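# Remarks on the overall topology
Spelled out, the chains give:
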Amino acid sequence: MNQTLEQIRSKYAFEKIMKAKGKNFEKKLSSLIGRLASLVLTNGLGNTLAFLFSKGKDEHLYTVYILSDWLINNSPIGKKDLNIKEYTAENVKKEAEKILDNLVLNASVEEYIFYTEETLRLTNWLRRFADTLLEKGEENE
(Lines give C-alpha, C1' and ligand atoms only; values in the text may rest on other atoms or scores of the structure.)
Protein backbone atom coordinates (compact mmCIF):
# COMPACT_ATOMS: atom_id res chain seq x y z
CA MET A 1 0.00 0.00 0.00
CA ASN A 2 1.41 3.36 -1.03
CA GLN A 3 1.10 6.18 1.46
CA THR A 4 1.48 9.90 0.98
CA LEU A 5 4.27 11.74 2.75
CA GLU A 6 1.59 13.40 4.89
CA GLN A 7 0.34 9.97 6.04
CA ILE A 8 3.89 8.83 6.79
CA ARG A 9 4.56 12.06 8.68
CA SER A 10 1.37 11.68 10.75
CA LYS A 11 2.15 8.05 11.59
CA TYR A 12 5.66 9.03 12.70
CA ALA A 13 4.30 11.84 14.92
CA PHE A 14 1.70 9.50 16.43
CA GLU A 15 4.36 6.89 17.28
CA LYS A 16 6.66 9.45 18.93
CA ILE A 17 3.84 10.99 20.99
CA MET A 18 2.68 7.53 22.09
CA LYS A 19 6.22 6.74 23.27
CA ALA A 20 6.11 9.86 25.46
CA LYS A 21 2.90 8.79 27.23
CA GLY A 22 3.53 7.98 30.85
CA LYS A 23 7.03 9.46 30.87
CA ASN A 24 7.90 11.83 33.70
CA PHE A 25 8.15 14.71 31.20
CA GLU A 26 4.79 14.10 29.46
CA LYS A 27 3.06 17.28 30.71
CA LYS A 28 6.03 19.52 29.96
CA LEU A 29 6.45 17.94 26.52
CA SER A 30 2.78 18.63 25.75
CA SER A 31 3.27 22.29 26.60
CA LEU A 32 6.52 22.54 24.63
CA ILE A 33 5.05 20.88 21.53
CA GLY A 34 2.16 23.33 21.73
CA ARG A 35 4.49 26.28 21.25
CA LEU A 36 7.12 24.65 19.02
CA ALA A 37 5.83 26.07 15.73
CA SER A 38 5.84 29.54 17.22
CA LEU A 39 9.45 29.09 18.37
CA VAL A 40 10.52 28.02 14.88
CA LEU A 41 8.61 30.80 13.12
CA THR A 42 9.86 33.47 15.50
CA ASN A 43 13.48 32.39 15.96
CA GLY A 44 14.27 30.05 13.06
CA LEU A 45 15.11 26.37 13.13
CA GLY A 46 18.76 26.82 14.12
CA ASN A 47 18.01 29.06 17.09
CA THR A 48 15.17 26.79 18.18
CA LEU A 49 17.44 23.74 18.15
CA ALA A 50 20.11 25.70 20.05
CA PHE A 51 17.50 26.74 22.62
CA LEU A 52 16.27 23.16 23.05
CA PHE A 53 19.82 21.86 23.49
CA SER A 54 20.66 24.64 25.96
CA LYS A 55 17.68 23.77 28.14
CA GLY A 56 18.86 20.15 28.23
CA LYS A 57 15.80 18.74 30.01
CA ASP A 58 14.12 15.54 28.83
CA GLU A 59 11.20 17.30 27.16
CA HIS A 60 13.58 19.55 25.22
CA LEU A 61 15.95 16.76 24.20
CA TYR A 62 13.07 14.45 23.29
CA THR A 63 11.80 17.20 20.98
CA VAL A 64 15.27 17.47 19.41
CA TYR A 65 15.26 13.69 19.01
CA ILE A 66 11.89 13.68 17.25
CA LEU A 67 12.80 16.52 14.89
CA SER A 68 16.31 15.36 14.05
CA ASP A 69 15.33 11.73 13.57
CA TRP A 70 12.56 12.77 11.19
CA LEU A 71 14.61 15.33 9.26
CA ILE A 72 17.86 13.35 9.02
CA ASN A 73 16.67 9.74 8.88
CA ASN A 74 13.18 9.96 7.38
CA SER A 75 12.78 13.08 5.23
CA PRO A 76 13.27 12.89 1.46
CA ILE A 77 16.54 14.88 1.57
CA GLY A 78 17.85 13.59 4.91
CA LYS A 79 21.32 12.07 4.98
CA LYS A 80 20.10 8.94 6.84
CA ASP A 81 23.09 8.96 9.16
CA LEU A 82 21.76 9.76 12.62
CA ASN A 83 22.44 6.86 14.96
CA ILE A 84 19.84 7.31 17.69
CA LYS A 85 17.78 4.14 17.76
CA GLU A 86 16.03 4.83 21.08
CA TYR A 87 15.64 8.10 22.95
CA THR A 88 17.87 8.84 25.89
CA ALA A 89 19.16 12.27 26.82
CA GLU A 90 22.71 10.94 26.57
CA ASN A 91 22.15 9.65 23.02
CA VAL A 92 20.84 13.03 21.87
CA LYS A 93 23.69 14.93 23.54
CA LYS A 94 26.22 12.55 21.98
CA GLU A 95 24.78 13.25 18.50
CA ALA A 96 24.41 17.03 19.02
CA GLU A 97 27.25 17.97 16.68
CA LYS A 98 25.93 15.73 13.88
CA ILE A 99 22.40 17.07 14.35
CA LEU A 100 23.47 20.70 14.18
CA ASP A 101 25.91 20.06 11.30
CA ASN A 102 23.25 18.31 9.21
CA LEU A 103 20.33 20.62 9.89
CA VAL A 104 21.91 24.02 10.33
CA LEU A 105 25.66 24.54 10.02
CA ASN A 106 26.36 22.66 6.78
CA ALA A 107 22.92 22.82 5.18
CA SER A 108 22.52 24.76 1.97
CA VAL A 109 19.95 27.55 1.90
CA GLU A 110 17.53 25.23 0.09
CA GLU A 111 18.08 22.42 2.60
CA TYR A 112 17.64 24.79 5.55
CA ILE A 113 14.38 26.10 4.13
CA PHE A 114 13.18 22.54 3.48
CA TYR A 115 14.10 21.44 7.01
CA THR A 116 12.28 24.45 8.48
CA GLU A 117 9.15 23.83 6.43
CA GLU A 118 9.25 20.11 7.18
CA THR A 119 9.62 20.87 10.90
CA LEU A 120 6.48 22.99 10.77
CA ARG A 121 4.57 20.25 8.93
CA LEU A 122 5.64 17.63 11.47
CA THR A 123 4.91 19.99 14.35
CA ASN A 124 1.29 20.28 13.22
CA TRP A 125 0.87 16.53 13.64
CA LEU A 126 2.82 16.44 16.88
CA ARG A 127 0.63 19.18 18.33
CA ARG A 128 -2.59 17.43 17.27
CA PHE A 129 -1.56 14.14 18.84
CA ALA A 130 -0.08 15.77 21.96
CA ASP A 131 -3.31 17.71 22.51
CA THR A 132 -5.30 14.51 22.20
CA LEU A 133 -3.08 11.92 23.87
CA LEU A 134 -0.80 13.60 26.41
CA GLU A 135 -1.67 15.04 29.79
CA LYS A 136 -1.78 18.81 29.65
CA GLY A 137 0.98 20.84 31.24
CA GLU A 138 0.94 24.38 32.47
CA GLU A 139 1.45 27.09 29.86
CA ASN A 140 4.55 28.46 31.58
CA GLU A 141 6.32 25.11 31.96
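Below is a summary of the structure that appears in this document. (Residues numbered from 1 in each chain as written. Predicted model: local features only at pLDDT ≥ 70, side-chain atom pairs only at ≥ 80, totals over all residues. Heavy atoms only, no water.)

## Focus: the side chain of serine 75
This is how it is decided: Each helix is a run of DSSP H or I of at least 4 residues and each strand a run of E of at least 2, with the numbering of both proceeding from the N terminus. Side-chain atoms alone can form a polar contact between residues adjacent in sequence; in general such a contact is a pair of N or O atoms within 3.5 Å, and within protein one must be able to donate a hydrogen while the other accepts it. It only takes one pair of heavy atoms within 4.5 Å for two residues to be counted as in contact.
The topology assignment puts serine 75 in the loop between α4 (58–74) and α5 (89–94). Engagement of the side chain of serine 75 in a polar contact is seen with the backbone oxygen of leucine 71, the distance being 2.5 Å. If we skip the residues at most four places from it in the chain, serine 75 touches Trp70, Lys80, Phe114 and Tyr115.

## Thoughts on the environment of histidine 60
Among the secondary structure elements, histidine 60 is positioned in helix α4. On a C-alpha basis, the gap between histidine 60 and tyrosine 12 in space is 18 Å, while along the polypeptide they are 48 residues apart. In this structure histidine 60 touches Leu32, Phe51, Leu52 and Lys55, once residues within four positions along its chain are discounted.

## Here's the deal with helix α3 (residues 45–55)
Definition in use: Here's how the labels work: a residue is buried when its accessible area is under 20% of the maximum for its type, exposed when over 50%, partly exposed in between, all with a 1.4 Å probe on protein chains only. Think of the arc as the fan of directions from the helix axis to the C-beta atoms.
When we look at burial in α3, the residues that qualify are Leu45, Gly46, Thr48, Leu49, Leu52 and Phe53. Buried residues of α3, viewed axially, fall in a sector of 165 degrees; they line one side. Opposite the packed face of α3, turned more than 90 degrees from it, sit the exposed residues Asn47 and Ser54. Where α3 terminates, the next one or two residues include glycine 56, which has phi positive at roughly 70 degrees.

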